[in-house]
Amino acid sequence: MAIVSSLIAGQSEREANDSLTAHVCKGSQQHEEVCLGLFTLLLMEPAQAQRSYRDLTLVNRDGMNVILMKINQILMEKFLKLQDVCRTQLVWLVRELVKSGVIGADGVCMTLMKQIAGGDVSAKNIWLAENVLDILVEQREWVLKNGMLVAMSVYTYLRLIVDHHGTPPLLALRQREVDFCIGLLREKFMECFIIGRDLVRLLQNVARIPEMEQLWRDLLHSPQTLSPQFTGVLQLLTSRTSRKFLACRLTPDMETKLLFMTSRVRFGQQKRYQDWFQRQYLSTADSQSLRCDLIRYICGVVHPSNEVLSSDILPRWAIIGWLLTTCTSNVAASNAKLALFYDWLFFNPEKDSIMNIEPAILVMHHSMKPHPAITATLLDFMCRIIPHFYPPLEAHVRQGVFNSLTFIMEKRVLAHLAPLFDNPKLDRELRAMLRDRFPEFCSSPSPPVEVKMEESVSLEMDNHVSDKEDGCYDNMEAAFSDDEEELNSKGKKREFRFHPIKEAIVEEPADITPYVDQLDETLKEKVLQLQKESDTEMQCEVMQEIVDLILEEDFDSEQMSTLASCLAELFKGHFRGDVLPEEITEESLEESVCKPVCLVFRNLCQMQEDNSGFSVLLDMLAELYQKQPKIGYHLLYYLKASKAGVGRMCLYESFAQATALGDLHTCLMMDMKACQEDDVRLLCYLTPSIYSEFPDETLRSGELLNMIVAVIDSTQLQELLCHVMMGTLVMFRKDSVLNILIQSLDWETFEQYSTWQLFLAHSIPIETIIPILQHLKYKEHPEALSCLLLQLRREKPSEEMVKMVLSRPCHTEDQFTTSILRHWAAKHDDVLAEHIKALLIKNNSLPRKRQSLRSSSSKLAQLTLEQILEHLDNLRLSLSNTKLNFFSQTPILQALQHVQASCDEAHKMRFSDLFSLAEEYEDSSSKPPKSRRKAAVSSPRSRKGAAPPASNEEESASSSASVCPSVPLSVCYCLSVPPFIPPVCLCVTVPTVCLTSVCLFLRLSLHLSVCHCPSVPLCLCLCPSLSICPSVPPSVFLCATVPPSLCLCVPRSVFL
């Protein structure tokens, strides 16, 4: 600002403008200084705003890009701290930018709308909502040209309408907002359609406003009146809402604080942060509506990485639970629950994400102990929303909720839903309703386990973090990292370091009372004895006696389920903590499998499959598996670690078939997922055996691989690489590796790099996976492109490799193709040249209409001539300042010459620099030796079947003829022609009857001058003015002589 003030001080407007222009022309730094100086002057001096903006439009050289970036930065980071004058001027500037139609002003408008807070009717917020609405209404035609701005504006003001009620000024503003939204929805409905299902949620909240009521009816009953492409509300409800819309209703400050809590705050230390957030944004009655926005944002936008999910960071469900417990309005509570379950209602596993539905089920699961009322009300809401959301679509809603619950179990968010749906803490009516609505997920009507939960007892969480004292939603205080820095007494910034919360697991005594009385006396005695014993060896002895009782012929199989429930409760401590010993030795491994539950495994290993007791023990394990899912990977560990299990890994397949799942692949994936969640070291330990013993289940998809790379660290990755190098682990095979690598493109960065490292450790030819290049986009898949580039540089190029590399679309920012071609040009220039020549000729020889339909080993491979030429031109520019002579090789020049002879003028002009290389090559090889021409004349083949001359004139001409050097079987006639005829001529053999039509075609289509040779009645002489016809037949030959002679190359067939 000081620089601008010094430049314009004491000068007239014209002199000031000249001074600013002269300073801007000095360089980019001076340009930025002047633009930002004028911008600052505009914000701080309203009286000079008009002049400053005029000067800014005159002197800027980048389309206001510097100003737009600075405005966005202020809006995202400093808007709340602006003085009122500056805030007013900033909105005025946005208005002027929109009036001027500055490119990028729509983005600034959307950022400005983000600052309008929901649930806030303070004067400043209302002022901002009114002014932004004024801009959008005044510049309506400009708004309608930007589909995203239309959708974002509708989403924002539909949401704000709910808050604006009560006082006359607010009602007036609401009426303007209603009119604005209705106008855009009716005029640009399909642009608003991209909002997705949350558009219905917002419209539902305002549907009782008279003006909105008709629109709501049309949406439900007359969708075609809104748009011919709109088939009905179901089409909208099945469309997932994009994150950008869910995020636009939180101010940048709200968003920053929420992201901080979900990524930096440790579970158990969140109370202070929550209290601050509530004081700042949730303390008024109007702020109740904000909870819906927060919950939708957490479910749809905040998707933590696997690293965060497995840490002690505050989980999403805890924040949502806190928001639900602080609702003071019944309407707000209902809307908040709808926001939580909204993605459940029309959930499609193929389109929707598990992360959108996970928080709801975890809130219910983890609230059962500290806040059972929350769980009960959510379960009740889930049941009642099915018939009442929209009765005509009840079947779809029921299916959506069913899909959600099924997907939750498939992804192991919860292993079983029965403990939640049939919990004794729920009242009987609710449990009966759950059994009626969801019988597939409820346990049998037999008495469930009565789990004793007291508020003072810590709750064990999935991430091994325990709640303290007041439950799981508000706990001990911790420092909040605000924008302002807190200073200690010495003036230094105070650092707040959080120490991990120590895991405190309170062992509860096993309660087998509901089951033990159902056992017969002998078995009951042994189970009670097992419960009393604390010594492991004695427990093993008792367990062996129980196994012997099970194997007796008179054992009552109806007691199997009850016995399994008792054992699952008694052995629950055995399934906590790490299974694999810290130091792996034969002794430590044997010691780790000396547990009572392992007695069942050992007996199985010692039996033959045709033994009658074998199936009984499998049934026992299957029942135990239903009560304790961790039994599966414990069996896998036993079969690998125990000496008794050596060579008996096939027992796991029998076990999987005996379970309720009945499928080896499903059972194996579920068990490995449970192992991944509990013990990563054990997962890595089991991996070699799992892959070697069950190749058909592990190598055909990337599911298991994703589980592994999602949790391993660099040390564990190195260990797996060593196993691969030693041949003890095979994770890929040729027939499925390509599909797995394609699946990995959606994984996290470290997961992808780990996958490629493991692949490269295998000896699989690169040609097997080279078609993946067709799936890689340079902005979306940098990990795969980087790994593939480093691998290709080690390879000698094959034709298929070159084809796939050249098949990539040309983008100025995508340097992949140019970089690998340049490397090959330096290391394997001759091989690369031959492959490029073959591809050029092959693509040039096929009809243009069919080029895009061809494919090779990849269905997506679509190599066109234009693509090859674009990449070659980029390669030519890359090699222009080097000593490499790649483009001087004969195969490349011959191929370019071949293409140039048949391509159209547009391509010749576009790739003129590339084709100029071929022209130089042609000029250097156009003069053949005379001896070759003479030999061609005396060739007996040249006279075979020739007709005698038709006249003396032809005979005379023939006597002075010479043979064309490029056509050994031709006779050249040298005729005297006028001087204006060019010396280069083409001869085409055509029937006499076709001369008229051919001449007409050549004049109109090819722009060639045409003359007829009187001495050769069956020959047509074409004299091109610029270049050779791109589609001449093979019977056309080219000769060059000195004027005024014209050399005609006529095949002997003309005289037949």
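Heads up: the structure comes first, above all this text.
Residues numbered from 1 in each chain as written. Predicted model: local features only at pLDDT ≥ 70, side-chain atom pairs only at ≥ 80, totals over all residues. Heavy atoms only, no water.

1. Quick look at empty space enclosed by the protein
Evaluated as defined, the whole model comprises three cavities of 30 Å³ or more. Reported here for the largest cavity is a volume of approximately 60 Å³. Lining of the largest cavity is provided by Val579, Ser592, Val593, Lys595, Val597, Cys598, Phe601, His634, Tyr637 and Tyr638. Secondary-structure elements contributing two or more residues to the lining of the largest cavity are helix H33 (598-605) and helix H35 (631-641). Of the residues forming the lining of the largest cavity, the biggest block, three residues, is contributed by H35. Taken together, the residues of the lining of the largest cavity break down into seven nonpolar, two polar and one charged. (1 Å grid on protein atoms, 1.4 Å probe; cavity = no way out; pocket = protein on both sides within 12 Å on 5 of 7 lines; lining within 4 Å. Points joined across faces, edges and corners; volume = space filled by probe spheres on them. Helix = DSSP H or I, 4+ residues; strand = E, 2+ residues; numbered from the N terminus. Nonpolar A, V, L, I, M, F, W, Y, C, P; charged D, E, K, R; others polar.)

2. A short note on the nonpolar core
Ranked by size, the top nonpolar core spans 168 residues in total, and within it Leu158, Met212, Trp344, Ile361 and Phe421 carry the most contacts. With ten residues, the top contributor of residues to this core is helix H10 (residues 147-161). Setting aside residues no more than four positions away along its own chain, Phe421 makes contact with Leu379, Met382, Leu405, Leu426, Arg431, Leu434, Phe438, Phe441 and Cys442. Core analysis: the next-biggest nonpolar cluster, separate from the first, contains 140 residues, Cys540, Phe575, Leu699 and Phe732 among them. (Core = buried A, V, L, I, M, F, W, Y, C linked by side-chain atoms within 4.5 Å. Buried < 20%, exposed > 50% of the residue type's maximum accessible area, 1.4 Å probe, protein only. Contact = heavy atoms within 4.5 Å.)

3. A short note on the side chain of Gln115
Turning to its location among the elements, Gln115 is positioned in the loop between helix H7 (105-114) and helix H8 (123-138). Within the local environment of Gln115, its side chain forms a polar contact with the backbone oxygen of Leu75, the two atoms lying 2.4 Å apart. Setting aside residues up to four positions removed in sequence, Gln115 forms contacts with Leu75, Phe79, Leu80, Asn125, Leu128, Thr251 and Pro252. (Polar contact = N/O pair within 3.5 Å; in protein donor to acceptor, adjacent residues only side chain to side chain.)

4. A word on the packing of helix H6 (residues 84-99) against H7
It is the contact of H6 with H7, at a shortest axis distance of 9 Å, that shows an interaxial angle of 145 degrees. Where H6 crosses over H7, the handedness of that crossing is left-handed. Counted together, Val94, Leu97 and Val98 of H6 and Ala105, Val108, Cys109 and Leu112 of H7 form the full contact between these two elements. Residue composition of the contact of H6 with H7, grouped by class: seven nonpolar, no polar and no charged. (Axes fitted to C-alpha atoms, helices over the stretch in contact; angles between N-to-C directions. Left-handed = near helix turned anticlockwise from the far one by under 90°.)

5. Describing the pattern of salt bridges
If the charged atoms of two oppositely charged side chains come close together, the side chains can form a pair. Counted by the stated rule, this structure contains 37 salt bridges. When the shortest N-O distance is used, the salt bridge between Asp312 and Arg266 registers 2.9 Å. Pair noted here: Asp312 is in the loop between helix H20 (306-309) and helix H21 (316-325) and Arg266 is in the loop between helix H17 (252-263) and helix H18 (271-281), with a separation of 46 residues, a long-range link. Asp312 sits in the buried class, given a relative accessible area of 14%. A salt bridge links Lys526 to Glu545, with the nearest nitrogen and oxygen atoms 2.6 Å apart. Placement of the pair is Lys526 in helix H29 (residues 521-532) and Glu545 in helix H30 (residues 536-551), with a sequence separation of 19 residues. Residues joined by salt bridges that share partners form a network here, namely Arg197, Asp198, Arg201, Arg296, Asp343 and Asp352. (Salt bridge = Lys/Arg side-chain N within 4 Å of Asp/Glu carboxyl O.)

6. Notes on a negative patch on the surface
Together, Asp520, Glu521, Glu525, Asp548, Glu552, Glu553, Asp554, Asp556 and Glu558 give the surface a local cluster of negative charge. Examined against the element boundaries, Asp548 turns out to sit in helix H30. For Asp548, a relative accessible area of 39% gives the class partly exposed. (Patch = residues over 30% accessible without salt bridge, like charges linked within 9 Å, V, L, I, M, F, W, Y side chains within 5 Å. Areas by Shrake-Rupley, 256 points an atom, 1.4 Å probe, with all protein chains shown as cover. Lys, Arg positive; Asp, Glu negative; His and termini not counted. Charge placed at Lys NZ, Arg CZ, Asp CG, Glu CD.)

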